Amino acid sequence: MKIKKLLVILLAAVLLTACGGEKNDGIATPGNPDNVSDNSAKETEAPAPTRPDIQMSDNLEDFTVSLNGLVYQFPCDVQIFLDDGWAPEAGAVSRGVLTKIRNPDEEMYVTFYYKEDPDNHIDLFFWTGNGERKSLEDSQVSGVGFISSKTEFVLPGGFRFVEGVTTKDDVIAQYGGNGTNYKFSKNSYYQFIESGDSFDFRVCENHE
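What counts and what doesn't
- Residues numbered from 1 in each chain as written.
- Predicted model: local features only at pLDDT ≥ 70, side-chain atom pairs only at ≥ 80, totals over all residues.
- Heavy atoms only, no water.
- Helix = DSSP H or I, 4+ residues; strand = E, 2+ residues; numbered from the N terminus.
- Buried < 20%, exposed > 50% of the residue type's maximum accessible area, 1.4 Å probe, protein only.
- Areas by Shrake-Rupley, 256 points an atom, 1.4 Å probe, with all protein chains shown as cover.
- Pairing = 2+ DSSP bridges.
- Salt bridge = Lys/Arg side-chain N within 4 Å of Asp/Glu carboxyl O.
- Phe/Tyr/Trp six-rings, centres within 6.5 Å; stacked < 30°, edge-to-face > 60°.
- Polar contact = N/O pair within 3.5 Å; in protein donor to acceptor, adjacent residues only side chain to side chain.
- Core = buried A, V, L, I, M, F, W, Y, C linked by side-chain atoms within 4.5 Å.
- Contact = heavy atoms within 4.5 Å.

A. Spotlight on the overall build of the protein. When helices and strands are tallied, the protein shows three helices and 14 strands. Expressed as a percentage of the 208 residues in the protein, the buried residues total 41%. In the structure as shown, the protein presents an accessible area of about 11,600 Å², 47% of it carried by carbon and sulfur atoms.

Structure (structure tokens):
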């Protein structure tokens with residue numbers, strides 16, 4: 001039986017001193033600004049932000065996914081992807097795609113590569129929200145899609161999805177139903193769209 005090639009799109013929406021002097025047993029004395037007491041206060045650096053402790057869920061409506069062993073929950077900030085080693089494609093950076101100010105309720109995607117590996121990539125979807133005009137980098141990441149076959153991708157319930165390998169029958173076996181729509185509301189759904197030899201997987205959380 002012919003194995004369907006699957007492309008994946010996951011959309012979920014909206015929405016870290018003393019004076020200088022000469023040293024004398026640890027005490028600064030006037031006269032030499034280069035010498036500072038050993039007991040003088042030191043400027044403290046702000047601690048590095050801690051990665052959110054996100055647990056993989058069995059519930060589709062929690063919109064959690066695992067990418068290369070790291071769990072994400074949509075919507076989220078793009079910074080978590082940057083901190084994990086994902087970087088936007090050079091062309092998007094040079095064109096200012098992430099920094100351009102955009103209108104409310106605008107959605108688009110940008111390709112990100114994992115640790116500069118050209119074969120390990122995803123598309124992150126951004127949604128600018130219903131409020132003021134803003135850039136993509138200041139907007140919520142509403143989902144992920146077009147995941148390369150090299151990227152380890154796991155959906156809720158521990159379902160491992162492999163582009164070009166996973167079939168519609170695999171989806172039905174995991175989630176039941178007709179393998180096409182898993183809808184919770186108008187803009188809150190998982191959808192598998194078969195088109196020729198490709199099979200798109202979409203999920204979108206209500207962002208109205």
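Text resumes after the structure shown.
B. Highlighting the sheet that holds strand β10 (residues 153–155). Spatial ordering of the open sheet is given by β5-β4-β10-β11, a layout of four strands whose pairing is antiparallel. With one partner strand each, in any of the chains shown, β5 (70–73) and β11 (159–160) form the two edges of the open sheet. As defined by bridge partners, β10 adjoins β11 across two bridges and the pair is classed as antiparallel. When the bridges of β11 are listed, Val-154 appears paired with Arg-160.

C. Region of interest: the pattern of salt bridges. Taken as a whole, this structure holds five salt bridges when the rule is applied. The salt bridge partner of Asp-84 is Arg-51, with a shortest N-O separation of 2.9 Å. Highlighted residues: Asp-84 in the loop between α1 (79–83) and β6 (86–88) and Arg-51 in the loop between β3 (27–30) and β4 (64–67), separated in sequence by 33 residues. Here Asp-84 falls in the buried class, since its relative accessible area comes to 12%. When the shortest N-O distance is used, the salt bridge between Arg-102 and Glu-106 registers 3.3 Å.

D. A look at the packing of aromatic side chains. Applying the stated rule across the entire model yields eight aromatic pairs. Ring plane angle 45° and centroid distance 4.8 Å describe the contact between Trp-86 and Tyr-114, whose orientation is recorded as tilted. Note that Trp-86 is positioned in strand β6 and Tyr-114 in strand β7 (residues 107–114), a separation of 28 residues in sequence. Judged by its relative accessible area of 14%, Tyr-114 is buried. Site record: aromatic cluster; members linked through ring pairs are Phe-153, Phe-159, Phe-161 and Tyr-175.

E. How the structure looks around the pairing of β7. Note: β6 against β7, three bridges, orientation antiparallel. Paired with Ala-87 across the two strands is Tyr-113, which belongs to β7. Here eight bridges tie β7 to strand β8 (residues 117–127), and the two strands are oriented antiparallel to one another. From the neighbouring strand, Val-110 faces β8, where its bridge partner is Leu-124. Here β7 hands over to β8 after two residues, with Lys-115 in that stretch at a positive phi of 50°.

F. Geometry of the side chain of Gln-140. Here Gln-140 lies in strand β9 (residues 140–145). Given the relative accessible area of 14%, Gln-140 is considered buried. A polar contact is formed between the side chain of Gln-140 and the side chain of Asp-77, at a distance of 2.9 Å.

G. View of the nonpolar core. If you look at the biggest cluster of nonpolar residues, it comprises 30 residues, and the most contacted ones within it are Leu-67, Phe-81, Ile-122, Leu-124 and Phe-126. Residue assignment for this core shows that the elements contributing at least two residues are β4, α1, β7, β8, β9, β10 and α3 (168–175). In this structure, Phe-81 is in contact with Leu-67, Tyr-72, Phe-74, Cys-76, Trp-86, Ile-122, Leu-124 and Val-141, ignoring residues within four places of it in sequence.

H. Inspection of the pairing of β9 at higher detail. Among the six residues in β9, six count as buried, and that is most of the element. Of the strand pairs in this sheet, β8 and β9 are connected by five bridges, and their pairing is antiparallel. From the neighbouring strand, Leu-124 faces β9, where its bridge partner is Val-144.

I. A look at the side chain of Ser-148. Here Ser-148 is to be found in the loop between β9 and β10. Of note is the side chain of Ser-148, whose polar atom sits 3.2 Å from the backbone oxygen of Asp-119. When neighbours within four sequence positions are excluded, Ser-148 is seen to be in contact with Asp-119, Asn-120 and His-121.

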